[in-house]
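So the chains spell out like this:
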Amino acid sequence: MSYTRTAQFTNRRTTNWSRNQNTVQFVSAVKLGPVTHTVLVALMITVLGLIYLTQATRASGYDYAASDITDKISALTEQKKDLEVENARLTALQAVKNSSVAKSMTTPTDVQHVTE
Amino acid sequence: MELHFAPKSRARGLAIILAIIMALFVVRLFYIQVIQHQYYVSQADSEQIKQFTLRAKRGEIYAMEADKPVRLVMNETVYTVWVDPVQVADKQAIVDALNRVAGGNTRKDFAQYIERAGTRYQVLATKVTRTQAELLKKENLAGVGFDAVSQRVYPEGQLASQVLGFVDSEGVGKYGVEQASNDRLRGQDGLLKTVTDVRLVPLTVGDKNIKKPARDGDNLVLTIDRNIQAEAEKALVEGMQRTGATQLSVIVMNPNNGKVLAMANLPTYDPSKLNEVADAAAFNNDTISNPYEPGSDIKTFTVATGIDKGVITPQSTYLNTDYIKIDDITVSNASKGQTGNITMQHALNWSLNTGMVTIAQRLGNGSSITRSARDTMYEYFHDRLRLGQLSGIELANEAKGVVVSPDEEQGNAVRYSNMAFGQGMDATMLQVASGFGALVNGGTYYVPSIINGTIDADGNYHAAADKPRYPGVISPASSTTLAEMVYQARQAFYSKTDKPGFYVGGKTGTSQTIKNGKYVSTETIGTYLGFGGEKGASPSYVIMVEVAGKDMNLSGNAHAMPIFNEISNWMIDYLRLTPRE
């Protein structure tokens, strides 16, 4: 009876030996040919592409949210400006002079100044 | 891998054809992707990358109210409503909505433009407010669009309009602060270059996005006090009604720092209604743009020069005969009869030209206005008190005026005899008021200013750097003497017009005008130049008033002084000055 090595075991002497390294290595029985390799690589690239597209689309989604918020800020800023203009108009000298409060004021009949 | 085809088999032929086709693809792709790379990249960029201008906001303009800034000029976004007649689905709905929401802003007969053939853009309404625009947008009117436009708003109406100026349709400042400080006010537009979607929403994908933020314009705070300005304008309007004068100007300054507190002219205009201005002359700020012969107001400058050079005192006397001869001309007094040996104070009280010519002579050899006397007068008038020089105030269209140098042929004794009482020279009201401020404040010339500071984006006020000042234009003692003489000149005739207990001085001016190269008495300009404040302290304000009218005889005391009185007495209350015995 002759002894032959199986393909599943590789003598440690045939590999570069180093400490704490397994002395045997597993070799799969499944053999993948070049076409399978190509398909797998293509699949991996496709998956990575999909991941990239997902992330890119997700970022664009944030862009829309950011755009909406920017629009809201602009609208509120405009509203604030309008209120400031209205406030300035209402507190303008002419508006104050024509107000009912000002019209109901009277001129003092006698004013005396204190001198130092 | 080795392929084995039977010779001349169809499979071999097919393989060769496929190989050729593949080769063609490769060559074509190489051409497109490598050789034409840049071309297609730019094509793609032009489709995907959009460039937007980030508009800088024009700075607002504030006035002061005591120590608090208040807005004079603001920005407001308004909308132009337009229609694309090709896309209009319901004309009546547009007409109804516009009449209901923005009836006051629509173009005349706007309905006829809604279905105008051969056009894609017709304006229907302008200056529609944001609220109105939002109401219209809710109507979802097919074919109707909105353009946002930023415009200047003036909450105080026409207050200080000639100081402010305005912004034209191109967004460029014209006249006043708007023009002089246009670069500071307009800011700098920014840039956004980005990939967008079809709705022009900016996307962060791509590596070519650029954002350069806009830098908004500076918010400028003027030295103008809103209340003083309003009072000055009110006094001018009343003065116009009282005198019938057609051109009136007033300037109010703080002589202790050169800040202009009010500056007004009539006629004026409303900057929000530029289309209603009939005469562009209304845009001019005459206090800085219209040099004139200041007349007797300048006698205060001549007297100050004489005092500072030590050739006169208030009690110095001279023989007044109402006439004085200079070379081949004779100068006479407007007010005659004050003859005999009279004091310089008396000459100033009565505004006697002979007294001023005498001072000019005493600056020389005592009997004639020598070159030395002229050099001295030029040094004081032009070099020290800056008449005939641009003041550098931050306002557009400042005029220089003319003070003829003794170096020039025209700078002779006759010219300088006239200059001694304010004729034969041109100066602006700002120059005269600024110089006068130096004469009564202790002798320091403050370069006049109209910009008080800025307000940052957070609303914090930052004072502007102090402008240059020139102490010692006359000595403090000379200044005190001059102020007292001007005070006495006012007290001599008009003491009852002032609130009691305050130190108010002034000098009238009535200037002849030049018609066809000759002085005429049929048209005179009335001015009044004075100061006011507490007794024993530096004056708190200087006021100068001018009234003029075509073919009108207007005088300093009858027409200009009442305007001064009104403002001066109001200022005493407004500044809360303390009366003293």
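Anything mentioned here points back to the structure above.
Within any chain, residue numbers begin from 1 and follow the written order of that chain's sequence. Written order decides the labels, with chains lettered from A and ligands numbered from 1. Totals for whole chains, interfaces and linings use every residue, but because this is a predicted model, local features are given only for residues with pLDDT of at least 70 and side-chain atom pairs only at 80 or more, for both listing and counting. Side-chain numbers come from the whole structure's heavy atoms, not from hydrogens or water.

> Explain the side chain of Thr376 of chain B residue by residue, including any values.
Residue and element names in this part refer to chain B. For the purposes of this entry, the term helix denotes a DSSP run of H or I that reaches at least four residues, the term strand denotes a run of E that reaches at least two, and both are numbered from the N terminus. Following the sequence through the fold, Thr376 ends up in helix H14 (residues 371–384). Each residue gets one of three labels from its accessible area relative to the maximum for its type: buried under 20%, exposed over 50%, partly exposed in between, using a 1.4 Å probe on protein chains only. Owing to a relative accessible area of 11%, Thr376 belongs among the buried residues under this scheme. In this view, Thr376 contacts Thr305, Lys309 and Leu363; residues no more than four positions away in its chain are not counted. A contact between two residues is defined here by any heavy atoms of the two lying within 4.5 Å.

> Hey, could you go over helix H17 (residues 476–494) of chain B for me, with residue numbers and the actual values?
Residues and elements named next belong to chain B. Multiplying 1.5 Å by the residue count of a helix minus one yields the expected span of that helix. For H17, built from 19 residues, the straight-helix expectation of 27 Å at 1.5 Å per residue is met to within 8% by its first-to-last C-alpha distance of 26 Å. Among all positions in H17, only Ser478, Ser479, Leu482, Ala483, Met485, Val486, Tyr487, Ala489, Arg490 and Tyr494 are buried. Buried residues belonging to H17 abut helix H11 (299–308), helix H12 (344–349), helix H16 (429–440), strand E22 (502–515), strand E23 (518–534) and helix H18 (556–574).

> Hey, could you go over the sheet that holds strand E24 (residues 541–548) of chain B for me, with residue numbers and the actual values?
All names here are of chain B. Taken in spatial order, the 5 strands of this open sheet run E13-E12-E24-E23-E22, and their pairing is antiparallel. Either end of the sheet is taken by a strand with one partner, and the two such strands are strand E13 (259–266) and E22. Here the average twist between neighbouring strands, direction ignored, is 10 degrees. Taken together, the 7 bridges between strand E12 (residues 247–254) and E24 define a ladder with antiparallel strand orientation. At least two DSSP bridges between two strands are required for those strands to pair. Here the axes come from fitting lines to C-alpha atoms, over the contacting stretch only for helices, and the angles between their N-to-C directions go from 0 to 180 degrees.

> Report on the interface of chain A and chain B, specifying residues and quantitative values.
Taken residue by residue, the interface counts 22 residues in chain A and 27 residues in chain B. When two components associate, each loses some accessible surface as probed by a 1.4 Å sphere; the sum of these losses over both components is called the buried area. In total, chain A and chain B occlude about 2,200 Å² of area from one another, counting both sides; carbon and sulfur atoms represent 52% of this. Two residues, Lys81 of chain A and Glu60 of chain B, come together in a salt bridge whose shortest N-O distance is 2.6 Å. Definition of a polar contact: a pair of N or O atoms within 3.5 Å, with one able to donate and the other able to accept a hydrogen when the atoms are protein atoms, and with sequence-neighbouring residues admitted only if both atoms are side-chain atoms. At the junction of chain A and chain B, the tally comes to 6 residue pairs in polar contact (both at pLDDT 80 or more). Those elements that place two or more of their residues in the side of chain A that touches chain B are helix H1 (34–90) and helix H2 (93–97) of chain A. Here the side of chain A that touches chain B gets 14 residues from one element, more than from any other, and that element is H1 of chain A. Whenever a carboxyl oxygen of Asp or Glu lies within 4 Å of a side-chain nitrogen of Lys or Arg, that contact is scored as a salt bridge.

> Requested: an account of unusual backbone geometry, with residues and values cited.
Residues and elements named next belong to chain B. Pro267 follows Leu266 through a cis peptide bond whose omega is 0 degrees. Structurally, Pro267 is set in the loop between E13 and helix H10 (286–289). Unlike most non-glycine residues, Ala160 shows phi in positive territory, near 60 degrees. Within the secondary structure, Ala160 sits in the loop between strand E5 (144–153) and helix H6 (161–164). One non-glycine residue with positive phi stands out, namely Arg386, at about 60 degrees. Among the secondary structure elements, Arg386 is positioned in the loop between H14 and helix H15 (413–419).

> Describe the environment of Arg186 of chain B, naming the residues involved and giving the relevant values.
All names here are of chain B. If you trace the backbone, Arg186 turns up in helix H8 (residues 182–186). By relative accessible area, Arg186 is classed as partly exposed at 45%. Once the C-alpha coordinates of Arg186 and Glu581 are considered, the two residues, 395 residues apart in sequence, prove to be 52 Å apart. If we skip the residues at most four places from it in the chain, Arg186 touches Ala56, Lys57, Arg58 and Gly217. A distance of 3.2 Å separates the side chain of Arg186 from the side chain of Asp183, its partner in a polar contact.

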